[in-house]
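Examining the three-dimensional arrangement
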Amino acid sequence: MSTEMDDSSAVRRRVSCTKYFDALWFCYWMSRCSNKTSNGDETEQAPYYQMQQYYRVGKLDDCTKKFSALFDCLSLKTKSASEAEKILEEHEKADAAKHIWIMRTEEEASRHWNETFGHLDDPNY
């Protein structure tokens, strides 16, 4: 009984939801916080994350993925140690399998390059 309790507390120590809460907070509320300047005036902070998303992706983030990540983390703390460990291992395997780059064959890469940048070879461009 005590070993299962020790295992459960070890998993709970391993799982910290602080980073998920911070990410959600930054996504939703960072633009609504205010700063006090040295002369006592209050200034609004720029919504940095949302503006970054708009610049990179072309739309604002609705923060649902960050909320889901926080919810998953909090629900993980209610699981038994063995269940939580199994779920953590599955998440680690899934994260390791993700690729940043799109893998293409040489022919696919050549075709994609020509579609995207082929017009640059046109002297009339």
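The preceding data block contains the structure.
This is a predicted model, so every value here is computed, not measured.

Ranked by size, the top nonpolar core spans 11 residues in total: Val15, Cys17, Leu24, Cys27, Tyr49, Cys63, Leu70, Cys73, Leu76, Ala84 and Leu88. Looking at this core, the elements with two or more residues in it are α2 (18-29), α4 (64-76) and α5 (81-97). If you tally residues by element for this core, the top one is α4, at three residues. Setting aside residues up to four positions removed in sequence, Cys63 forms contacts with Leu24, Cys27, Tyr28 and Gln50.

Unlike most non-glycine residues, Cys63 shows phi in positive territory, near 70°. With respect to the element layout, Cys63 can be found in the loop between α3 (48-57) and α4.

Once that is clear, we can look at α3. Among the residues making up α3, those that are buried are Tyr49, Gln50, Gln52 and Gln53. Angularly, the buried residues of α3 cover 160° about the axis, an arc narrow enough to put them on a single face. Those residues of α3 that are exposed and aimed more than 90 degrees away from the buried face are Tyr48 and Tyr55. Lining the buried residues of α3 we find α2 and α4. Gly58 sits one or two positions beyond α3 and adopts a positive phi of about 95°.

In this section: the state of the cysteines. With the rule as written, the count across this model stands at two disulfides. Linked covalently through their sulfurs, Cys17 and Cys73 form a disulfide whose S-S length is 2.0 Å. Residues Cys17 and Cys73 share a disulfide whose torsion about the S-S bond is about -95°; that sign makes it left-handed. Taken together, the positions of Cys17 in the loop between α1 (2-14) and α2 and Cys73 in helix α4 put the pair 56 residues apart, joining distant regions of the chain. Take Cys17: its relative accessible area is 9%, and that puts it in the buried class. Residue class for Cys73 comes out buried when judged on its relative accessible area of 4%. Across the disulfide, Cys27 is cross-linked to Cys63 (sulfur-sulfur distance 1.7 Å). For the disulfide bridge between Cys27 and Cys63, the dihedral angle about the S-S bond is near -80°, and by the sign convention the bridge is left-handed. With Cys27 in helix α2 and Cys63 in the loop between α3 and α4, this pair connects stretches of sequence that are 36 residues apart.

Right, let's talk about α4 for a bit. In an α-helix, one turn spans 3.6 residues, which is why side chains three or four residues apart end up on the same side. Look at α4: 18 Å from first C-alpha to last across 13 residues, which is about the 18 Å you get at 1.5 Å a residue. Within α4 the residues assigned to the buried category are Leu70, Cys73 and Leu76. One face of α4 carries all of its buried residues, which in axial projection span an arc of 125°. Each element contacted by the buried residues of α4 is listed here: α2 and α5.

What counts, and at which threshold
- Residues numbered from 1 in each chain as written.
- Predicted model: local features only at pLDDT ≥ 70, side-chain atom pairs only at ≥ 80, totals over all residues.
- Heavy atoms only, no water.
- Core = buried A, V, L, I, M, F, W, Y, C linked by side-chain atoms within 4.5 Å.
- Buried < 20%, exposed > 50% of the residue type's maximum accessible area, 1.4 Å probe, protein only.
- Helix = DSSP H or I, 4+ residues; strand = E, 2+ residues; numbered from the N terminus.
- Contact = heavy atoms within 4.5 Å.
- Arc of directions from axis to C-beta.
- Disulfide = S-S within 2.5 Å.
- Expected span 1.5 Å × (residues − 1).

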